[in-house]
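Chain by chain, the residues:
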Amino acid sequence: MEQKNNSDQVLNTVRSIVYHLNDVNWVKMTQKMMALPINNVKLLDDITNIIFDRALKRQNYTHIYAQMCARLINDSKFNNLIATDTEITFQKVLLKKCHDVFYSNYQEELNKLKDTMKNDNMVPKKCLSGVLNNFLFDFQKRSICNCRFIGELFKNGAFPEKYILKCIGDLGKEKNDNNYELQMHCLCIILQSVGLILSKTSYDLNKKINKLVSSMENYGMSSTLKCLIKKLKIMNSKGWMDEDSVKFAGTNYNAYRDLPPHMQMVYRVRSKKIMSDWAYGESHDHRLNVVNNYKIEVRSNIPPKL
């Protein structure tokens, strides 16, 4: 019981630190974090969860959370507070959380939501549209903010180069699904964060940027994404010295309900398309079942051959 109370006190302290982190106090708050008594893996995982979730919710302070995480990763005393008989470190736990969000499957999450709504017997006309709007907004915001966080971690030496190159490569693969535009947004967000560093390596940024520029003509994309790609092109041509980011529309809002009406409309259009796809899929399955049952019934009534 005493150990649980101590863990609760540590977690409350962590919440207080990360909820009030800013450009002025982050060094002092990081030192306060380093002094915490972390003596088990479960507590480390809970602490990392709090930091990671808050970093993704406060996108304008992502760079501050990345700087704090880099300090914690490079502080041997902070990592040695954990039991010495394990290879678990703060960096490994943090990278695992970044990985899970980065590779979260949009279609799988959407199918899970569909199954959940079926089990809850939701009435589509009253509930489905609102649930889908919230899902689309939350998934999009979390994916983009995670990529911004990954880029900032890399800039601070807390995210290995081989992993950032894999992220860029995976985002650069073309996919024929409704989530391709979000995929390109995430790629642009990472590139505008890490471009300056990668430009000093042997990595061919020109090829990646040129591919994005050419996609503007071949893909009917939003004006926000076009603006972001044009910004990347300019940054690349200037040697990545101008690192002013282009913010993705909607990420400064915490929830779908906070969006202005014209931004909400984008999600409503997408949710209606998803609803129509679901309706078509279910009606197609129903017709297929009817046909198959009819065939079985006909076969069963055919007299046997003599």
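Refer to the structure presented above.
Residues numbered from 1 in each chain as written. Predicted model: local features only at pLDDT ≥ 70, side-chain atom pairs only at ≥ 80, totals over all residues. Heavy atoms only, no water.

Asks: Outline the overall build of the protein, listing residues and values.
Replies: Scanning the protein from terminus to terminus reveals 13 helices and 0 strands. Residues classed as buried in the protein amount to 42% of the 306 residues present. Here the contacts in the protein between residues at least 6 apart in sequence split such that 72% fall between residues at least 24 apart. (Helix = DSSP H or I, 4+ residues; strand = E, 2+ residues; numbered from the N terminus. Buried < 20%, exposed > 50% of the residue type's maximum accessible area, 1.4 Å probe, protein only. Contact = heavy atoms within 4.5 Å.)

Asks: Outline the nonpolar core, supporting the account with residue identities and numerical values.
Replies: Judged by nonpolar contacts, the single largest core of 87 residues is most densely connected at Met-33, Ile-51 and Phe-149. Sort the elements by how many residues they give to this core and helix H8 (residues 124-155) lands first, with 13 residues. Contact partners of Ile-51, with chain neighbours within four places excluded, come to Val-14, Val-18, Met-33, Tyr-65, Met-68, Cys-69, Leu-72 and Phe-90. (Core = buried A, V, L, I, M, F, W, Y, C linked by side-chain atoms within 4.5 Å.)

Asks: Give me helix H12 (residues 223-237): which residues, what numbers.
Replies: The terminal C-alpha atoms of H12, which comprises 15 residues, lie 21 Å apart, in line with the 21 Å expected from a rise of 1.5 Å per residue. Taken as a whole, H12 has its buried residues at Leu-225, Leu-228, Ile-229, Lys-231, Leu-232, Met-235 and Asn-236. Buried residues in H12, looked at end-on, bunch into an arc of 160°, giving them a common side. Turned more than 90 degrees off the buried face of H12, the exposed positions are Ser-223, Lys-230 and Ser-237. Positive backbone phi, at 75°, marks Gly-239, one or two positions downstream of H12. (Expected span 1.5 Å × (residues − 1). Arc of directions from axis to C-beta.)

Asks: I'd love a proper account of the packing of helix H4 (residues 62-74) against helix H6 (residues 90-102), names of residues and values included.
Replies: One can describe the packing of H4 onto H6 by two numbers: an axis separation of 9 Å at closest approach and a directional angle of 140°. The angle between H4 and H6 places the two elements in the oblique class. Facing H4, whose interface residues are Cys-69, Leu-72 and Ile-73, H6 presents Phe-90, Gln-91 and Leu-94. Partitioning the contact of H4 with H6 into residue classes produces 5 nonpolar, 1 polar and no charged. (Axes fitted to C-alpha atoms, helices over the stretch in contact; angles between N-to-C directions. Parallel < 35°, antiparallel > 145°, perpendicular 65-115°, else oblique. Nonpolar A, V, L, I, M, F, W, Y, C, P; charged D, E, K, R; others polar.)

Asks: Can you lay out the environment of Ala-255 for me, pointing to particular residues and giving the numbers?
Replies: Positionally, Ala-255 belongs in the loop between H12 and helix H13 (261-301). Separated by 114 residues in sequence, Ala-255 and Lys-141 have C-alpha atoms that sit 9.2 Å apart.

Asks: Lay out the packing of helix H3 (residues 41-57) against H6 with the relevant residues and their values.
Replies: Two measures define how a pair of helices packs: the angle their axes make with one another and the distance between the axes. Contact geometry for H3 and H6: axes closest at 10 Å, N-to-C directions at 50°. Accordingly, the angle class assigned to the pair H3 and H6 is oblique. When the axes of H3 and H6 are compared, the crossing they make is right-handed. In contact with Leu-44, Asp-45, Thr-48, Asn-49, Ile-51 and Phe-52 of H3, H6 contributes Phe-90, Val-93, Leu-94, Lys-97, Cys-98 and Val-101. Here the contact of H3 with H6 is composed, by residue class, of 8 nonpolar, 2 polar and 2 charged. (Left-handed = near helix turned anticlockwise from the far one by under 90°.)

Asks: I'd like a rundown of helix H9 (residues 161-171), residues and numbers included.
Replies: If you check which residues of H9 are buried, you get Ile-164, Cys-167, Ile-168, Asp-170 and Leu-171. Take H9 and look down its axis: the buried residues cluster within an arc of 165°, on one side only.

Asks: Which residues make up the packing of aromatic side chains, and what values go with them?
Replies: Evaluation of the coordinates by the stated rule reveals 6 aromatic pairs. Look at Tyr-106 and Phe-135: their rings are 6.1 Å apart centre to centre, the planes differ by 35°, and that puts the pair in the tilted class. Note that Tyr-106 is positioned in helix H7 (residues 106-119) and Phe-135 in helix H8, a separation of 29 residues in sequence. Classification of Tyr-106 as buried rests on a relative accessible area of 11%. By way of ring pairs, the aromatic residues Tyr-106, Phe-135 and Phe-139 are connected into one cluster. Taking NZ or CZ as reference, Arg-58 lies 4.1 Å from the ring centre of Tyr-61, over its face. (Phe/Tyr/Trp six-rings, centres within 6.5 Å; stacked < 30°, edge-to-face > 60°. Lys NZ or Arg CZ within 6 Å of the ring centre and 35° of its normal.)

Asks: So what about the pattern of salt bridges? Which residues, and what values?
Replies: Applying the stated criterion across every chain yields a total of 7 salt bridges. The partner of Lys-155 in a salt bridge is Glu-152, and the shortest N-O contact between them spans 3.7 Å. Here Glu-152 and Lys-155 lie together in helix H8, a separation of 3 residues that amounts to about one turn. With relative accessibility at 35%, the residue Lys-155 sits in the partly exposed group. Here Lys-173 makes a salt bridge to Asp-170, at a shortest N to O gap of 3.4 Å. According to the relative accessible area criterion, Asp-170 is buried, its value standing at 17%. (Salt bridge = Lys/Arg side-chain N within 4 Å of Asp/Glu carboxyl O.)

Asks: For the side chain of Lys-97, give the residues involved together with the corresponding values.
Replies: Along the chain, Lys-97 falls in helix H6. Taking the relative accessible area as the measure of exposure, Lys-97 reaches 11% and is therefore buried. A distance of 2.9 Å separates a polar atom in the side chain of Lys-97 from a polar atom in the side chain of Asn-49. Not counting residues up to four positions away in its chain, the partners in contact with Lys-97 are Asp-45, Thr-48, Asn-49 and Phe-52. (Polar contact = N/O pair within 3.5 Å; in protein donor to acceptor, adjacent residues only side chain to side chain.)

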